[in-house]
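Here is what each chain is made of, one letter per residue.
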Amino acid sequence: MFINDAFAQAAETSAQQGSVFGTVIQLALIFLIFYLLLIRPQQKKIKQHEALLNAIKKGDQVITGGGIFAKVVKADDPLELTIEIAPGLEVRASRGSIRDVIVPENAAEKIKKTPKKTSAANSNKK
């Protein structure tokens, strides 16, 4: 009788050790997938945006975080810009508040890609 109990206990401990090792491997794989799919792309996007902000120069057309289109008048300070949002109206803005820089060649393409109202929406007005 004692021999059977001893074999049963030995089998339980080896099974528990295997399950702990398997759990650690599963958690490591989940973290690896999480890193590859979420963290790494976000870090790349942040670095690209920082490079974009650092490359802003006088005369660039920008879009602020609030959606205001403006022209950069002064870009000497590493933390702030002076932008012109209307003729004769200059405003100081933080570099971090700039969402995008508009490149004149691509501006026409971006406008063409915006979805337009379909004729179905216009037909309902009749």
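Reading the values: rules and limits
- Residues numbered from 1 in each chain as written.
- Predicted model: local features only at pLDDT ≥ 70, side-chain atom pairs only at ≥ 80, totals over all residues.
- Heavy atoms only, no water.
- Salt bridge = Lys/Arg side-chain N within 4 Å of Asp/Glu carboxyl O.
- Helix = DSSP H or I, 4+ residues; strand = E, 2+ residues; numbered from the N terminus.
- Buried < 20%, exposed > 50% of the residue type's maximum accessible area, 1.4 Å probe, protein only.
- Lys, Arg positive; Asp, Glu negative; His and termini not counted.
- Contact = heavy atoms within 4.5 Å.
- Pairing = 2+ DSSP bridges.
- Axes fitted to C-alpha atoms, helices over the stretch in contact; angles between N-to-C directions.

(A) Representation of the pattern of salt bridges in the model. Taken as a whole, this structure holds two salt bridges when the rule is applied. In this structure, Glu80 and Arg92 form a salt bridge, with 3.1 Å as the shortest nitrogen-oxygen distance. You can see Glu80 sitting in strand S3 (residues 80–86) and its partner Arg92 sitting in strand S4 (residues 89–94), a full twelve residues away along the chain. The exposure class assigned to Glu80 is partly exposed, which follows from its relative accessible area of 27%. Here Arg92 falls in the exposed class, since its relative accessible area comes to 62%.

(B) Structural view of the side chain of Arg95. Its location among the elements puts Arg95 in the loop between S4 and strand S5 (98–102). There is no salt bridge for the buried Arg95, and the closest opposite charge comes from Asp77, which lies 6.9 Å off by N-O distance. Here Arg95 is in contact with Leu53, Asn54, Ile56, Ala75, Asp77, Pro78, Leu79, Glu80 and Leu81, once residues within four sequence places are set aside.

(C) Broad picture of the sheet that holds strand S2 (residues 69–74). Taken together, the five strands give an open sheet; going across it, the order is S4-S3-S2-S1-S5, and neighbouring strands pair in antiparallel fashion. Both outer strands of the open sheet, S4 and S5, are each paired with one neighbouring strand and no more. Strand-to-strand twist in this sheet, taken as the mean axis angle between neighbours without regard to direction, amounts to 45 degrees. Examined bridge by bridge, S3 and S4 share six bridges and lie antiparallel to one another. Note on S4: the bridge partner recorded for Ala86 is Leu89.

Functional significance is not addressed by these values, which are geometric in nature.
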